[in-house]
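A structural walkthrough
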Amino acid sequence: MSRNAESTAFRSALEVVRGVEPRVADAIAAELADQRESLKLIASENYASPATLLAMGNWFSDKYAEGTVGRRFYAGCQNVDTVEALAAEHARELFGASHAYVQPHSGIDANLVAFWAILADRVESPALRKAQARQVNDLTEADWFALRRELGNQRMLGMSLDAGGHLTHGFRPNISGKMFDQRSYGTDPATGLIDYDRVAVAAREFKPLILVAGYSAYPRKVNFRIMREIADSVGATFMVDMAHFAGLVAGKVFTGDFDPVPHAHIVTTTTHKSLRGPRGGMVLCGPELADQVDRGCPMVLGGPLPHVMAAKAVALAEARRPDFADYAQRIVDNAQALADGLLRRGATLVTGGTDNHLVLIDVSGYGLTGRQAEQALLDSGIVTNRNSVPQDPNGAWYTSGIRIGTPALTTRGLGAAEMDATAELIHTVLSQTTPGTGPDGAPSKAKYVLDPAVAESVGKQAADLLTPFPLYPAVDLG
Ligand code: DSN
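The rules behind the values
- Residues numbered from 1 in each chain as written.
- Predicted model: local features only at pLDDT ≥ 70, side-chain atom pairs only at ≥ 80, totals over all residues.
- Heavy atoms only, no water.
- Pairing = 2+ DSSP bridges.
- Helix = DSSP H or I, 4+ residues; strand = E, 2+ residues; numbered from the N terminus.
- Axes fitted to C-alpha atoms, helices over the stretch in contact; angles between N-to-C directions.
- Core = buried A, V, L, I, M, F, W, Y, C linked by side-chain atoms within 4.5 Å.
- Buried < 20%, exposed > 50% of the residue type's maximum accessible area, 1.4 Å probe, protein only.
- Contact = heavy atoms within 4.5 Å.
- Arc of directions from axis to C-beta.
- Polar contact = N/O pair within 3.5 Å; in protein donor to acceptor, adjacent residues only side chain to side chain.
- Right-handed = clockwise from strand over helix to strand, strands pointing away.
- Salt bridge = Lys/Arg side-chain N within 4 Å of Asp/Glu carboxyl O.
- Near = heavy atom within 4 Å.
- Areas by Shrake-Rupley, 256 points an atom, 1.4 Å probe, with all protein chains shown as cover.

What follows is about the sheet that holds strand β11 (residues 358–362). Read across the sheet, three strands follow the order β11-β14-β13 without closing on themselves; strand pairing throughout is antiparallel. At either margin of the open sheet sits one strand with a lone partner, and together these are β11 and β13 (385–387). Taken pair by pair, the neighbouring strands of this sheet meet at an average axis angle of 35 degrees, ignoring direction. Bridge count between β13 and strand β14 (residues 401–405): three bridges; the pairing is antiparallel.

One broad trend across soluble globular proteins is that nonpolar side chains are buried collectively. Residues Phe-95, Leu-211, Met-227 and Leu-275 are the most contacted members of the largest nonpolar core, which totals 61 residues. In contact with Met-227, not counting residues within four places along its chain, are Tyr-185, Tyr-196, Val-199, Leu-211, Ala-213, Val-222 and Phe-238. Listed in part, the 35 residues of the second largest apolar core include Leu-349, Val-359, Ala-373 and Leu-414.

The next thing to look at is helix α10 (residues 224–233). Every buried residue of α10 is listed here: Phe-224, Met-227, Ile-230 and Ala-231. The buried residues of α10 all sit within an arc of 115 degrees when viewed along its axis, so they share a single face. Next to the buried residues of α10 lie β6 (181–185), α9 (196–206), β7 (210–214) and β8 (237–241). N-cap assignment for α10: the residue whose side-chain oxygen lies 3.1 Å from the backbone N of Arg-225 is Asn-223. One or two steps after α10, the chain reaches Gly-235, where phi turns positive at roughly 70 degrees.

Tracing the sequence through the fold places Phe-469 in the segment after α20 (452–466). The sequence separation of Phe-469 and Thr-411 amounts to 58 residues, and the corresponding C-alpha distance is 9.4 Å. For Phe-469, the contacting residues outside a window of four places in its chain are Arg-412, Gly-413, Leu-414 and Glu-418.

Attention shifts here to the pairing of β7. Within β7, five of the five residues are buried, leaving the element largely enclosed by the surrounding structure. Of the two faces of β7, the one holding Ile-210, Val-212 and Gly-214 and the one holding Leu-211 and Ala-213 are both buried throughout. Sheet topology places strand β5 (residues 155–159) next to β7; two bridges connect them, and they run parallel. Residue pairing for β7: Leu-157 is matched across the bridge by Leu-211. Pairing between β7 and β8: five bridges, direction parallel. Paired with Leu-211 across the strands is Phe-238, a residue of β8. In this fold, β7 hands off to α10, which returns the chain to β8; that crossover is right-handed.

Let's shift gears to the pattern of salt bridges. Tallying each qualifying case throughout the model produces 20 salt bridges. The residue Arg-23 makes a salt bridge to Glu-21 at a minimum N-O spacing of 2.8 Å. Exposure remark for Arg-23: the relative accessible area of 64% places this residue in the exposed category. The partner of Asp-291 in a salt bridge is Arg-295, and the shortest N-O contact between them spans 3.1 Å. Residue classification places Asp-291 among the partly exposed positions, given a relative accessible area of 46%. Through salt bridges that share partners, Arg-344, Arg-345, Asp-420 and Glu-424 make up one connected network.

Here we take up the site of the ligand. The ligand sits among Ser-44, His-166, Ser-216, His-244, Lys-273 and Arg-403. Ser-44 places a side-chain nitrogen or oxygen 2.7 Å from an oxygen atom of the ligand. Residue His-166 places a side-chain N or O atom 2.7 Å away from an oxygen atom belonging to the ligand. For the ligand, whose accessible area on its own is 230 Å², the fraction buried by protein is 62%.

Let us now look at the environment of Leu-338. Relative to the helices and strands, Leu-338 is located in helix α15 (residues 322–344). On the basis of relative accessible area, Leu-338 is assigned to the buried category, the value being 0%. Between the alpha carbons of Leu-338 and Val-80 there is a distance of 42 Å; along the sequence they are 258 residues apart. Beyond its immediate sequence surroundings of up to four residues, Leu-338 is in contact with Leu-41, Ile-404, Thr-406, Met-419, Thr-422 and Ala-423.

Right under this line is the structure:
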């Protein structure tokens with residue numbers, strides 16, 4: 001697409017929106033301005049390509065398409081079939097998976113599809129077999145009672161939240177924690193790394209139906225070959241949620257033991273993080289689980305979003321190009337440069353560094369909570385999010401960590417030199433921020449003191465750092 005075409009497309013779209021509700025058009029334009037100006041270090045965010053963004057804004061949004069390709073509950077789905085089949089084909093080719101299901105609307109939806117598929121595949125339930133043979137009307141009340149009893153309270157072993165696991169891996173604030181009897185494996189307190197021997201012991205003791213690997217705040221690679229061996233040793237289904245690092249798998253930075261696809265029975269992901277696609281989810285699996293996975297809608301999903309599946313097809317096609325592998329490698333190089341820059345300046349990092357796209361700073365070394373650090377950085381034009389660290393004394397709300405990630409800034413083109421400069425800015429803010437007090441003079445975990453002149457100066461330097469790397473350079477909204 002020519003640069004002019006991108007500008008024309010977005011300008012025209014905004015003009016049409018402005019004709020109905022100008023405040024929405026203004027908010028969309030303001031969002032682009034904000035994203036252009038901020039040093040975005042949120043590890044789970046990225047910037048999708050103009051082609052991906054534009055593929056979402058069209059009449060595919062108007063179509064219902066429950067069912068799967070060629071087998072829909074609505075008429076007239078031939079064009080939805082085309083984009084869904086394309087997205088699935090790109091996903092299979094990109095990840096080397098035999099089956100791809102591209103309908104999930106988000107990561108939690110993808111995980112719900114996987115949980116359902118595993119339960120349906122693994123749990124002995126005559127009532128479920130009857131229901132799946134499409135004899136639902138023949139089920140008695142006793143059958144339904146048995147079905148609920150048999151499917152309920154199954155066991156899941158996943159990574160603990162404060163070690164970097166995800167809410168949807170069996171934790172109480174999420175439905176997965178209410179569906180499953182969950183236990184966690186943590187990390188070694190001395191190294192911060194997963195201790196596979198301890199995972200094996202936990203698996204032997206707990207005998208889970210599902211062993212889950214994957215994380216949203218663990219800054220290291222996971223050895224999926226070892227995890228699969230552990231799952232096999234206790235008869236568990238091995239599920240990997242690769243939402244955070246799917247781009248690193250797609251870009252062949254994570255290969256061999258670190259590529260989940262050949263090792264897991266089922267892999268889930270979002271499509272908008274390091275993979276750089278539209279906001280959405282996806283499931284990959286082998287032939288054994290494919291049929292159950294394809295029942296995701298209406299089992300746990302609402303109708304598919306054909307406009308987002310179209311954008312998934314575009315983004316996955318982009319990820320199959322050779323330059324995506326270069327992008328994925330630069331994400332990791334940048335994270336390592338950022339980690340090195342922080343370590344050299346005296347920061348404490350969980351696990352002492354990174355080998356993926358994220359870095360977790362333990363800000364207790366600066367005498368701050370995660371909440372204080374997050375806000376002080378935000379005041380200075382640096383967008384991050386607070387996150388628990390292992391055995392966090394400040395809990396999940398205030399936390400003791402700041403999670404930073406490089407997928408978004410790498411998309412803009414920033415490299416190692418800019419990562420070192422970013423480390424300097426982060427260190428400056430954190431070392432010059434002090435904890436504040438509440439109205440009664442008592443120490444506060446939320447209030448902080450940062451000289452506004454420091455915040456302004458850092459904000460200016462952060463903006464200067466971004467100037468040579470314009471975001472969506474071809475898009476001029478006028
Ligand atoms: N919210 C995502 C993240 O920030 O990691 C995970 O769901």
